[in-house]
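Listed below, chain by chain, are the residues.
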Amino acid sequence: MKNFDQTTDQNLQEILHAAPFGFFKLDLDGNALFVSKSWEDITGLEVGVSLGKGWHSVLVPEDIPVIATAIRAATTGQKQTVAFGFRIHHPQSGIRFCRMDVRLIQNEQDRSQCLIGYVQDVTDDHLTHIKLKEAESRQREMNTYLTSLIASLEDIVLEIDTERRFINVWAKDETLFFLPKEKFIGKTIAEVFPHMESLFSAPITAAIRTGEPQEFEYKHIDPTIDKWFKAKVTMVSKTNQPTEQQRLALTIQDITSRIKQEQALKQTKALLERTNQILESSQKLSNTGGWEFDVLTGEMFWTNQTKLIFEIGENDTINYQDILTLCDPGYDYIFDQHIRRSLEKKEPHDFIFRIRDKKWLRSIGFPVVENNCVVKLRGATMDITEQMKTTQALLEAKNKAEEAAQAKTDFLSVMSHEIRTPLNGIIGISNLLKMNRFQDHQAYVDNLIFSADHLLQLINDILDLTKIDSDHVELVQNEVNLFELLQRITNQFNSLAESKNIDLITFVDPGIPEKIIADAVRINQILNNLISNALKYTDAGKVTVALQALSCDAHKVTIRFTIKDTGIGIPEEYHEVIFDSFKQVQQPASRKHTGTGLGLAITKKLIELHNSHISMESTMGKGTTFRFDIAFDLPQSNMAIDQPSISYSVDTYANKLGDLRVLLVEDNPINAMVAQKQLAYFGIVPDCAYDGLEALSLLKNNAYHIAFIDLHMPGMDGQALSEFVHKHYPDTHIVISTADIMGDVRVRLSEIHAYDILNKPVVLEKLLVFLLKVAEQRSIISMESALDEQP
Ligand code: ADP
């Protein structure tokens, strides 16, 4: 304090020392004359050291000129107070910013001048100011950056407040705005776009409520404009700010091209799906599957249908080698060859192969060529098993039809030859008889009857065969006494066997029940054929007919029939064909025997009708054995026994039936003449009508016991006439005579009620059966009395 001006009041000094700023007094050269205590606090420089030029030691040297200039300005007194800033180097706090206010004062007494002023540490203010400046500069920078960023965006960015009012807008291209900027800034969404208020309202509310960004997409409000937008609402100020200060950013992005791409993708997908579905259906329908073979990687792509065709699982994979393994032997080679050829020659392939022992497949494939190399094979495989089966069946049917046609031709040529032979005899002998140039009348008649019988047998056999072939024969099953049946059959052959000095031996297993259910007519036919052949082709030794029970229970018996002879035998080359129609062994030993060559064919078929088959063993010169097994049902209750018809001696009734009144309706004069003569044998003189109308007029005036009506007549045929007679003359017994013995004729005739059928050519024995039946019914003759008269 001792260096303080003596005139300065003690109190004032105290105040200056206590002031929050440094007080000083300088001479006009800048030497400190006084510094207050606070100066020491501000600068860290002691008062004593500061005096004179001492205070310069804390100044930052670059600022000394600034201070010198300011002191000069204050000294000139142009300004009342000069304020300036400078920096000091505080020994503890480092660089500090100070502000100095200085002014020139004059001592009134000695007119001396000095500078007084005060210094403040303004470091905090200065730093705040600098930070503010920096912040402002950063803000400017940010704004520039934001503006350029927005300018680079395709989007429109809108700032809105919580009232949904547009505050600001940024966009790269302002022409993108729906309206000129001035027309919507400051207005609410509802005011500018009343239609879209509802669209924006919910997401904005949600963004305000949750603080989370909200997104949504929409189409241009003008339905004619095909543009799509994506809007995003984001809170840009904190939710704890007052509501009126909160802001939201509404970003609108044009997503038309993305939506268009999505739509196009969707359409492509739908198209692909549709194509796939159609392809799948056509694959299923045509049983065809597609495939692709990558030659480079060996990868195999198969559609599901292909997997189905090859019978592998949907998720299974397969390689080329696997396919070859699936192929049936031989087809693996064919498959491989075709594929290799396609690859080497770059040619398509089309071939058929078989897999899994049963499936026929057709493969068609095309090579995909890139840079002159086959990179892939693409194609389809079709399951053609059914087609192959049909083709095979058609081929078989064609072959069969051709065979049948050939057989028919052969049959006709053989037939005409066979028929001509007896016919030749009949015509020849008849002519001889006519010429009356014969020595031995009886021998001619015998030959004539033989030829006629042979012709009849031939025709009957052919008809029989035709009936069996056309499924017109059904077994008529009845209770049959098998022993009696066999007895009657062998009885017929006894005299022949005796005459040839052959033993005809029958053996019946005692285990066979006496009565069985069978078709007596057909069993008779089978045994007749075989026994008659055995006798025919045996000149010495024996013929054995053996019936052996193979199995028997209460309901069924299976019988083995064996017909064995010691005859000429059948050559081996004939063993296969002997059962064919018209097959006769061409050898001298059998030439002398006559036959139709149909017997074995009929026999074989009749045995097949019994669900069995015939076998044959034969040794030339030693004999032949035929064998077959048939299962018969056994009678369970009292069934009607198929009564053997009593064979009457025709002679017994010669001229005995004259009381029968008979109507004969026959259009063929020769047949009519034969019938008249046959009836005359029994003493009957019939009334003859040559057609239906004539018959009706005769019926009108006469009563008849019996009417023989020919089936085939011109005008009113036999069937119509029979129906009429049945209706109007019920007392007349109708016998239809016909040469037609096919099954359907019988069915037709069964519709006419009272009838018998007399097959042509009529033999006296058969005729007699019908005459006796009626004679007995009408009590014209009693059976007993007639039989009594038998010799
Ligand atoms: P056919 O009317 O000629 O006897 P089949 O069809 O009954 O006709 O027999 C065909 C041929 O089989 C006969 O012509 C005959 O050559 C031969 N045959 C049939 N049975 C015998 C048999 N038991 N012994 C030798 N040959 C037989």
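Above this text is the structure in question.
Residues numbered from 1 in each chain as written. Predicted model: local features only at pLDDT ≥ 70, side-chain atom pairs only at ≥ 80, totals over all residues. Heavy atoms only, no water.

Taken together, M142, Y145, L146 and L149 make up a surface patch of nonpolar side chains, about 410 Å² in accessible area. For M142, the position within the fold is in helix α5 (residues 123–152). (Patch = residues over 30% accessible without salt bridge, like charges linked within 9 Å, V, L, I, M, F, W, Y side chains within 5 Å. Areas by Shrake-Rupley, 256 points an atom, 1.4 Å probe, with all protein chains shown as cover. Salt bridge = Lys/Arg side-chain N within 4 Å of Asp/Glu carboxyl O. Helix = DSSP H or I, 4+ residues; strand = E, 2+ residues; numbered from the N terminus.)

Another point: unusual backbone geometry. At N501, a residue that is not glycine, the phi angle is positive and equals roughly 60 degrees. Topologically, N501 is positioned in the loop between α15 (482–500) and β17 (502–508). N501 sits in the exposed class, given a relative accessible area of 67%. Unusually for a residue other than glycine, N655 sits at a positive phi of about 60 degrees. (Buried < 20%, exposed > 50% of the residue type's maximum accessible area, 1.4 Å probe, protein only.)

Turning our eyes to something else, we now look at the sheet that holds strand β25 (residues 706–710). The strand order across the open sheet built from 5 strands is β24-β23-β25-β26-β27, with neighbouring strands paired in parallel fashion. The open sheet terminates on both sides in strands that have one partner only, identified here as β24 (687–689) and β27 (756–759). Here the average twist between neighbouring strands, direction ignored, is 20 degrees. The pairing of β25 with strand β26 (residues 733–738) spans 5 bridges and is classified as parallel. Within the sheet, the bridge partner assigned to I709 lies in β26 and is I736. With respect to the sheet, helix α19 (residues 669–681) is in contact with β23 (662–665), β24 and β25, its orientation differing from that of β23 by roughly 160 degrees. (Pairing = 2+ DSSP bridges. Axes fitted to C-alpha atoms, helices over the stretch in contact; angles between N-to-C directions. Contact = heavy atoms within 4.5 Å.)

An order of β7-β6-β10-β9-β8 is seen for the 5 strands of this open sheet, with the pairing classed as antiparallel. Strands with a single pairing partner mark the edges of an open sheet, and in this sheet they are β7 (166–171) and β8 (214–219). Within this sheet the neighbouring strands show an average axis-to-axis angle of 20 degrees, counted without direction. Of the pairings in the sheet, the one linking strand β9 (residues 228–235) to strand β10 (residues 247–254) comprises 7 bridges and is antiparallel in character. By the bridge assignment for β10, M235 is matched with L248. Against the sheet, helix α8 (residues 197–210) engages β6 (156–161), β8, β9 and β10, with an angle of about 170 degrees to β8. Where helix α9 (residues 256–286) meets the sheet, it contacts β8, β9 and β10, and its direction lies at approximately 125 degrees from that of β9.

Attention now goes to the nonpolar core. Within the largest apolar cluster, 51 residues are counted, with the highest numbers of intra-cluster contacts made by L527, I531, F561, I563, F628 and F632. Top element by residues in this core is helix α16 (residues 520–536). It accounts for 8 residues. Setting aside anything within four residues of it in sequence, one finds F628 in contact with I526, L527, L530, I559, R560, F561, I563, I607, H613 and I614. Of all hydrophobic cores here, the second largest spans 24 residues; its members include A171, V192, F200 and L250. (Core = buried A, V, L, I, M, F, W, Y, C linked by side-chain atoms within 4.5 Å.)

So, about the packing of aromatic side chains. Any pair of aromatic rings gets described here by the distance separating the centres and the angle formed by the planes. For the structure on display, the rule yields 22 aromatic pairs. Taken together, F293, W302, F310, Y320, F335, F351 and F353 form an aromatic cluster joined through their ring pairs. Over the aromatic face of W360 sits the side chain of R354, whose NZ or CZ is 5.4 Å from the ring centroid. (Phe/Tyr/Trp six-rings, centres within 6.5 Å; stacked < 30°, edge-to-face > 60°. Lys NZ or Arg CZ within 6 Å of the ring centre and 35° of its normal.)

A separate point is the pattern of salt bridges. All chains considered together, the criterion is met by 30 salt bridges. Note that D121 is salt-bridged to R96, the shortest N-O span being 2.9 Å. One end of the pair, D121, is in strand β5 (residues 113–121); the other, R96, is in strand β4 (residues 94–106), and 25 residues separate them in sequence. Ionic pairing is found between K604 and E608, a salt bridge with its closest N-O pair at 3.4 Å.

Orientation of α19 relative to helix α23 (residues 764–777), taken along the N-to-C sense of each, is 65 degrees, at an axis distance of 11 Å. Of the two possible hands of crossing, α19 and α23 adopt the one that is right-handed. When α19 is examined against α23, the residues Q678, L679 and Y681 are found in contact with a partner set consisting of L764, L767 and L771. Across the contact of α19 with α23, the residue classes tally to 5 nonpolar, 1 polar and no charged. (Left-handed = near helix turned anticlockwise from the far one by under 90°. Nonpolar A, V, L, I, M, F, W, Y, C, P; charged D, E, K, R; others polar.)

Right, let's talk about α8 for a bit. Its 14 residues place the ends of α8 20 Å apart at the C-alpha level, agreeing with the 20 Å of an ideal helix rising 1.5 Å per residue. Inspection of α8 places F200, P203, I204, A206 and A207 among the buried residues, and these make up the whole buried set. Each buried residue of α8 lies within a common arc of 160 degrees when the element is viewed along its axis, so the set occupies one face. Exposed side chains of α8 directed beyond 90 degrees from the buried face belong to S198, A202 and R209. (Expected span 1.5 Å × (residues − 1). Arc of directions from axis to C-beta.)

In this section: the environment of T43. Mapped onto the fold, T43 is located in helix α2 (residues 37–43). Taking the C-alpha atoms as reference points, T43 and G22, separated by 21 residues in sequence, lie 9.1 Å from one another. When near neighbours in sequence (up to four residues on either side) are disregarded, T43 contacts V58, I88, H90 and P91. There is a polar contact of 2.8 Å between the side chain of T43 and the backbone oxygen of W39. A polar contact of 3.2 Å, which involves the side chain of T43, links it to the backbone nitrogen of L45. (Polar contact = N/O pair within 3.5 Å; in protein donor to acceptor, adjacent residues only side chain to side chain.)

For the rest of this paragraph, the subject is helix α12 (residues 331–345). Counted at 1.5 Å a residue, the expected span for α12 with its 15 residues is 21 Å, and the 21 Å between its end C-alpha atoms agrees. All of the buried residues along α12 are Y331, F335, D336, I339 and S342. Buried residues along α12 cover an arc of 135 degrees about the axis, so they all sit on one side. Exposed residues on α12 whose side chains face more than 90 degrees from its buried face are Y333, E344 and K345. Of the surrounding elements, those touching the buried residues of α12 are α11 (320–326), β13 (349–355), β14 (359–370) and β15 (373–383). Looking one or two places after α12, you find K346, whose phi comes out positive at around 55 degrees.

Now for the packing of helix α20 (residues 692–701) against helix α21 (residues 718–728). One can describe the packing of α20 onto α21 by two numbers: an axis separation of 10 Å at closest approach and a directional angle of 15 degrees. When the axis of α20 is compared with that of α21, the two are roughly parallel. Where α20 crosses over α21, the handedness of that crossing is right-handed. Across from G692, A695, L696 and L699 in α20, the residues of α21 making contact are L721, F724 and V725. Partitioning the contact of α20 with α21 into residue classes produces 6 nonpolar, 1 polar and no charged. (Parallel < 35°, antiparallel > 145°, perpendicular 65-115°, else oblique.)

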